[in-house]
Amino acid sequence: MAELVSHPDEVKVVSRRFGQGATDIDRYLALDGYKAVQKALAMEPDAIINEVKNSGLRGRGGAGFSTGMKWSFVPKQSAKPKYVLCNGDESEPGTCKDRLIFEHDPHSVIEGVMIAGLSIGAKSGYVYIRGEYRYLSNIMQKAIKDAYAKGFLGKNIFGSGRDFDVHWHGGAGAYEVGEESALMESLEGKRGVPRIKPPFPAVVGLWGGPTVINNAETLASVPHIILGGGEWFAKLGTPKNGGTRLFCLSGNIAKPGVYELPMGYNLKKMIYDVGGGIPNGRTLKAVVPGGSSCPCLTADEIDVAMDFDSVAKAGSMLGSGGVVVIDDAQCIVKFALRTMKFYQHESCGWCIPCREGTDWLKKTLIRFHAGGGLKKDIDNMQYLSENMLGRTFCPLGDAAAMPTIAFVKKFRKEFEDHLEGRPCPYEERGAVEQLPVMAH
Amino acid sequence: MTTLFSPALAARFDKLVTLYPVRRSALVPMLLYAQDEVGYLSDDVVAEIAERIGATELEVRNVISYYSMLTTKPRGKYNVQVCTNISCMVRGGEEILHHCAKKLGIGNKDTTPDGLFSLEEVECIGACSWAPAAQVNYDFHENLTTEKMDGILEGYKKKGTQ
Ligand SMILES: Cc1cc2nc3c(=O)[nH]c(=O)nc-3n(C[C@H](O)[C@H](O)[C@H](O)COP(=O)(O)O)c2cc1C
Ligand code: SF4
Ligand code: FES
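Being a predicted model, the structure only gives us computed values, none of them experimental.

Quick look at the overall build of chain A
Here comes step 1: A tally of regular secondary structure across chain A gives 17 helices and 11 strands.
Here comes step 2: Computed over the C-alpha atoms, the radius of gyration of chain A is 22 Å, within 12% of the 22 Å expected from 2.2 N^0.38 for a compact globule of 440 residues.
Here comes step 3: The principal-axis extent of the C-alpha atoms belonging to chain A is close to 75 × 45 × 35 Å.
Here comes step 4: Within chain A, the fraction of its 440 residues that count as buried is 61%.
Here comes step 5: Taking the intrachain contacts of chain A between residues at least 6 apart in sequence as the baseline, contacts between residues at least 24 apart amount to 70%.
Here comes step 6: Counting every atom, chain A has about 15,800 Å² of accessible surface; 54% of that belongs to carbon and sulfur.
Here comes step 7: Across chain A, the mean location of the 52 positive side-chain charges is 3 Å away from that of the 50 negative side-chain charges.

Here's what the structure looks like:
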């Protein structure tokens, strides 16, 4: 469905089977499918974890936590069953990569879940896919069925004497459900509100059992690591940032698309070489480097290596790999408003700083964009956002505050341009008439 | 028991609840499948699902109200969901939304009098690299222009009225 793109600088690991018909299980087998899990079946659990640790693989869901390390936190002994949970909720604005994995290589996710399960001593795993991705749920359900039919799942997998089950699970529209503990609540048939941590999922997760939760791309990377070796994978990227990553280029860019590039690839090159630069004779204004929750970088801040540590040093985050490019025809106040509207809509409402903060910021930004901004609003927005940081049960509060702080700090002049009755200078296309504000 | 579920839906439900240690876990996907079949989560559907899953109606309603795709009111046969989030916005997502509103003669979250279309402004649908994008029911439509959107709406209209 979604178009594939390519560029000579790509290093195809996770995407190597894209466009190859690998949803068909026999085709997947011909493309080295289910070899990694058979290799893992012959390995000690600790050896699997060490291989993943050595690969330098870090979570592709946003936080960039070491995957091997996360797996090692699961207690060896547990009275309750252990689980693996694949996070395919993919809802961070700017992110559209897990979709391609489910569409083109669903068995790699199943294999990743199985290998994770073998390493922690789990006997079953769930693949949670957001409700909007119905066609991908159908693909995944068929892949699981085919794997059972071949005896790769179920009792005595590959004649090993061991059992492993993988099941599909579907959401019904809620960004917050992507947060790991909220995902577990949702899978238990409840509202997707997060849990207080600790205890962390590795100790008390799904139905109270120790649970490893990883993003779909993280899990799809694992079979390649087991087959190619941790060292090989690590060398593809930069120190402490192993491998490649699916970068979703979107926004005002000539060749948007999902490209698999080595970790540490230069952002400027990504925008101008891979993405073909800014179209329509426009110039670059800002980039959101890792999905909507990441602070923007201005045009002169983009000479940065796209790995977790370098982007953090540059004052932002690598996040979920969603690179949103903003050209000089866009209004930053409006961009900040749309971002805040999203977080306000998706806040689960549990904590006051997040629930009230996002609402207040949204209302202020609406007023601002309509030309009713007051000078003190600018400082207030920054002050309020800074005071949301770290004061909430889950990181959604931070996700709303961080980009706002960057917009206000880096584009203060644009906010000032909207003060006291001045119409938005960017609405030259003719302001589109306002539909009612989104109901929530 | 009298049921609103088709045999296929009932079979899906019976299979789904076996995949978890707790029946209740099947609730969210089941609500969506039931909604797809019946059109919306009517009082009777809520009651039936509560009974089948072993929860109270209030518990089921609590869950329904949390998820944006679930609805207790009928929608049009074709629910046109236009993304206006950041990647789509900078490529004209709002223009697409307004164009649809004008074309269909309805506002956000409204349904046309003939029940054929409803319109909804939605958050990111995971089509950012192919923006602006929309979903009509579960079908993705990407790299949209207003002209392309016209053709898409025409197509559904034809399909829905023949
Ligand atoms: C509000 C919120 C939404 C999130 N949404 C997603 C998501 O859609 N997909 C995802 O993989 N991780 C998401 N995460 C991150 C998860 O909580 C979790 O860290 C991740 O799935 C762990 O997998 P990883 O270590 O492989 O990245 C979200 C986090 C927050 C706070
Ligand atoms: S930070 Fe926001 S989304 Fe997270 S628990 Fe608090 S209110 Fe809910
Ligand atoms: S922002 Fe519109 S699909 Fe992601």
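Moving on from the coordinates now.
Some remarks on the overall build of chain B
Here comes step 1: Within chain B one finds 7 helices and 4 strands.
Here comes step 2: Structurally, chain B occupies a C-alpha span of about 50 × 35 × 25 Å along its principal axes.
Here comes step 3: Every one of the 162 residues in chain B was classed for burial, and the buried ones make up 59%.
Here comes step 4: A fraction of 61% describes how many contacts in chain B between residues 6 or more apart in sequence connect residues 24 or more apart.
Here comes step 5: With an accessible surface of roughly 6,700 Å², chain B has 52% of that area assigned to carbon and sulfur atoms.
Here comes step 6: Of the charged side chains in chain B, 17 are positive and 21 negative; the average position of the first set lies 3 Å away from that of the second.

Comments concerning the interface of chain A and chain B
Here comes step 1: The interface is formed by 69 residues belonging to chain A together with 51 residues belonging to chain B.
Here comes step 2: In this assembly, chain A packs against chain B so that about 5,100 Å² is buried in total across both faces, 57% of it on carbon and sulfur atoms.
Here comes step 3: The tally of links from chain A across to chain B stands at 5 salt bridges.
Here comes step 4: Counting across the chain A and chain B interface gives 31 residue pairs in polar contact (both at pLDDT 80 or more).
Here comes step 5: For the side of chain A that touches chain B, the elements supplying multiple residues, two or more each, are helix H5 (98–104), helix H7 (134–149), strand S3 (165–170), helix H8 (180–187), strand S5 (244–251), strand S6 (257–262), strand S11 (322–327) and helix H13 (332–346) of chain A.
Here comes step 6: Here the residues of the side of chain A that touches chain B sort into 31 nonpolar, 22 polar and 16 charged.

Points about unusual backbone geometry
Note on backbone geometry: most residues besides glycine have negative phi, and most peptide bonds are trans.
Residues and elements named next belong to chain A.
Here comes step 1: Note the cis peptide between Lys197 and Pro198, where omega equals -5 degrees.
Here comes step 2: Turning to its location among the elements, Pro198 is positioned in the loop between H8 and strand S4 (211–215).
Here comes step 3: Cis geometry marks the peptide bond from Pro198 to Pro199; its omega dihedral reads 5 degrees.
Here comes step 4: As for its placement among the helices and strands, Pro199 is situated in the loop between H8 and S4.
Here comes step 5: Positioned with a positive phi, Phe158 is a non-glycine residue whose angle comes to about 50 degrees.
Here comes step 6: Counting through the fold element by element, Phe158 comes out in the loop between H7 and S3.

A few points about the domain arrangement of chain B
Here comes step 1: You can read the domains of chain B as domain 1 (7–66) and domain 2 (78–160).
Here comes step 2: Computed over C-alpha atoms only, the centres of domain 1 of chain B and domain 2 of chain B are separated by 28 Å.

Re the packing of helix H3 (residues 43–53) of chain B against helix H4 (residues 57–64) of chain B
All names here are of chain B.
Here comes step 1: Interaxial distance between H3 and H4 falls to 9 Å at its minimum, and their mutual angle equals 115 degrees. Considered as vectors, H3 and H4 are oriented roughly perpendicular to each other. In this structure, H3 meets H4 at a crossing whose hand is right-handed. On H4, the residues that touch Asp43, Val46, Ala47 and Ala50 of H3 are Glu57, Val60, Arg61 and Ile64.
Here comes step 2: Looking at the contact of H3 with H4 residue by residue, the classes come out as 5 nonpolar, no polar and 3 charged.

A closer look at the site of ligand 2
Here comes step 1: In the region of ligand 2, 13 residues are neighbours, and Cys348(A), Trp350(A), Cys351(A), Cys354(A) and Cys394(A) sit closest.
Here comes step 2: Looking at the shell around ligand 2 residue by residue, the class counts come to 8 nonpolar, 4 polar and 1 charged.

Conventions we followed
Going along each chain's sequence as written, the residues are numbered from 1 onward. In the order they appear in the text, chains get letters beginning with A and ligands get numbers beginning with 1. Local features in this predicted model are restricted to residues whose pLDDT is 70 or higher, and side-chain atom pairs enter the listing and the counts only when it is 80 or higher, whereas totals over whole chains, interfaces and linings include all residues. Excluding hydrogens and water, the side-chain figures rest on all heavy atoms present in the structure. Each helix is a run of H or I in the DSSP string that is no shorter than four residues. Each strand is a run of E no shorter than two, and both are numbered from the N terminus. It is over C-alpha atoms that the radius of gyration is taken, and the globule rule equals 2.2 Å times the number of residues to the power 0.38. Each residue gets one of three labels from its accessible area relative to the maximum for its type: buried under 20%, exposed over 50%, partly exposed in between, using a 1.4 Å probe on protein chains only. What makes two residues a contact is simply this: any of their non-hydrogen atoms within 4.5 Å. For the accessible areas, the method is Shrake-Rupley and the probe is 1.4 Å, while residue cover comes only from the protein chains on display. Note that His is not counted, nor are the chain ends; the positive residues are Lys and Arg, and the negative ones are Asp and Glu. By convention, the point assigned to a charge is CZ for Arg, NZ for Lys, CD for Glu and CG for Asp. What gets called buried area is simply the loss in accessible area from a 1.4 Å probe that two parts show on being joined, summed for both. A carboxyl oxygen of Asp or Glu within 4 Å of a side-chain nitrogen of Lys or Arg is what we treat as a salt bridge. Polar contact is the term for a pair of N or O atoms within 3.5 Å; when the atoms are in protein, one must be able to donate a hydrogen and the other to accept it, and sequence-neighboring residues count only if both atoms are side-chain atoms. All residues other than Ala, Val, Leu, Ile, Met, Phe, Trp, Tyr, Cys, Pro, Asp, Glu, Lys and Arg, Gly among them, are scored as polar; the first ten of these are nonpolar and the last four charged. Note that the domain bounds were set by an automatic or database domain assignment. Axes here mean lines fitted to C-alpha atoms, for a helix over just the part in contact, with angles spanning 0 to 180 degrees between N-to-C directions. For classification, angles of less than 35 degrees are called roughly parallel, those exceeding 145 degrees roughly antiparallel, those between 65 and 115 degrees roughly perpendicular, and all remaining angles oblique. In this scheme the crossing of two helices becomes right-handed for a clockwise turn of the near helix relative to the far one and left-handed for an anticlockwise turn of less than a right angle. We call a residue near a molecule or strand as soon as one heavy atom of that residue lies within 4 Å of the molecule or strand.

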